[in-house]
Amino acid sequence: MQVRVVDYRAADAAEQFTRSLHETGFGVLVNHPLPQDLVEKIYADWLAYFNGTEKHELAFSKETQDGYFSTEISETAKGHTQKDIKEYFHIYPWGRIPASLKDDAMRYYRIANDLAAELLSWVEKHTPAEIAKNYREPLSNMIKDSRLTLLRVLRYPPLTGSEPAGSLRAAAHGDINLLTILPAANEPGLQVQGKDGEWVDVPGDFGMLIINIGDMLQEASQGYYPSTQHRVVNPTGEGAKKSRVSLPLFLHPREDVVLSDRYTAHEYLEERLRELGVKA
């Protein structure tokens, strides 16, 4: 299995990128428009925030799913029994955000959301006609006026050695949404599972942008674009002493979007949040 690394500025970027998504569920972009200096500043500022106590003042809401999720209540991946070793903060434009971090977070959200919309249009353009006919509306239309696209700031804390046996920073899972865009983290660890069941490292040099298909797009495309299982493995040696910060943007459709005969976007999201244990 090989995840393609595509130059965003290349003449055939859309075609090569979309082919990678179809073949592996993942694609990696270089020379993309997300400002690396902004990404690095967000990593540093939010790492300081997670290391403090102020985060507990904005504890997450089960109703709105915004705010701070501690390691005690973080997700348990579907099919797993151990919670992931992580804490995170959910950012929506309408939600709660620490005042000192809001401007940078919202600037990044806007830029990343615009890019995600462009990449979704690439997917729409290069979907074979026999697959595209199953879309209930154009992909680019599914995200118009959506209030659900989520920016998650993740921190995987240093390992203590007392973690439950078998627990991972992020156990194998598929994402819920249409597309996820993720700047390379400050530390390695992201792996994707090939069709042969083997786990391979995703190219993640600092400055690269990693994109993967979510379950909703897999559902809408009747499996043409696979939502590939991926995970974040625990580091060893000196790496175990370091925090890992990650900044995925989950591109979500409006709640009323019909994905398939089986699901609307709202029904799919509610089912998965219950499976993850973060919604009653």
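Look a little higher up for the structure.
The shown structure was predicted, so the numbers you read here are calculated from the model rather than taken from an experiment.

The rules behind these values
Residues numbered from 1 in each chain as written. Predicted model: local features only at pLDDT ≥ 70, side-chain atom pairs only at ≥ 80, totals over all residues. Heavy atoms only, no water. Helix = DSSP H or I, 4+ residues; strand = E, 2+ residues; numbered from the N terminus. Lys, Arg positive; Asp, Glu negative; His and termini not counted. Charge placed at Lys NZ, Arg CZ, Asp CG, Glu CD. 1 Å grid on protein atoms, 1.4 Å probe; cavity = no way out; pocket = protein on both sides within 12 Å on 5 of 7 lines; lining within 4 Å. Points joined across faces, edges and corners; volume = space filled by probe spheres on them. Nonpolar A, V, L, I, M, F, W, Y, C, P; charged D, E, K, R; others polar. Axes fitted to C-alpha atoms, helices over the stretch in contact; angles between N-to-C directions. Parallel < 35°, antiparallel > 145°, perpendicular 65-115°, else oblique. Left-handed = near helix turned anticlockwise from the far one by under 90°. Contact = heavy atoms within 4.5 Å. Salt bridge = Lys/Arg side-chain N within 4 Å of Asp/Glu carboxyl O. Buried < 20%, exposed > 50% of the residue type's maximum accessible area, 1.4 Å probe, protein only. Pairing = 2+ DSSP bridges.

J.: Quick question: what am I supposed to make of the overall build of the chain here?
T.: What the chain contains, in helices and strands, is seven helices and 13 strands. Considering only C-alpha atoms, the chain reaches an extent of 50 × 40 × 35 Å along its principal axes. Side chains of the chain carry 31 positive and 40 negative charges; the gap between the two charge centres is 1 Å.

J.: Is there a simple way to think about the layout of surface pockets in this case?
T.: Any empty space left between atoms is shown by rolling a water-sized probe over those atoms. Estimates place the volume of the largest pocket at around 790 Å³. For the largest pocket, the lining is made up of 50 residues, of which Leu-150, Arg-152, Ile-176, Phe-250 and His-252 are closest to its centre. In terms of residue count, helix H7 (residues 265-276) provides more of the lining of the largest pocket than any other element does, six residues in total. Looking at the lining of the largest pocket residue by residue, the classes come out as 22 nonpolar, 13 polar and 15 charged. What the second largest pocket holds in volume is close to 170 Å³.

J.: For this particular structure, what's the right way to read the packing of helix H2 (residues 36-50) against helix H3 (residues 102-125)?
T.: The relative placement of two packed helices is expressed as an angle between their axes plus a distance between the axes. In contact at an axis separation of 10 Å, H2 and H3 are set at 140° when each is read in the N-to-C sense. One element, H2, and the other, H3, form an angle in the oblique class. Here the hand of the crossing between H2 and H3 comes out left-handed. On H3, the residues touching Leu-38, Val-39, Lys-41, Ile-42 and Asp-45 of H2 are Asp-104, Arg-107, Tyr-108 and Ile-111. Per-class residue counts for the contact of H2 with H3 are five nonpolar, no polar and four charged.

J.: How should I be thinking about the pattern of salt bridges in this particular structure?
T.: Working definition: two side chains of opposite charge can pair if their charged atoms are close together. Going through the model one piece at a time under the given rule, you end up with 17 salt bridges. Linking Glu-87 and Arg-155 is a salt bridge whose minimum nitrogen-to-oxygen distance equals 2.8 Å. Taken together, the positions of Glu-87 in strand S4 (residues 87-91) and Arg-155 in strand S5 (residues 150-156) put the pair 68 residues apart, joining distant regions of the chain. No difference in accessibility class separates Glu-87 from Arg-155, as the two residues are buried. Sharing partners across several salt bridges, the network here consists of Lys-78, Asp-215, Arg-272 and Glu-275.

J.: Help me out: how do you make sense of the sheet that holds strand S11 (residues 230-232) in this one?
T.: Two strands in a sheet stick together by hydrogen bonds in their backbones, pointing the same way (parallel) or opposite ways (antiparallel). Pairing in this open sheet of four strands is antiparallel, and the strands run S6-S11-S8-S9 from one edge to the other. The open sheet has two edge strands, strand S6 (170-173) and strand S9 (199-201), and neither has a second partner. In this sheet, neighbouring strand axes are inclined to one another by 25° on average, regardless of whether the strands run parallel or antiparallel. By the bridge criterion, two bridges tie S6 to S11 in an arrangement that is antiparallel. For His-173, the partnering residue across the bridge sits in S11 and is His-230.

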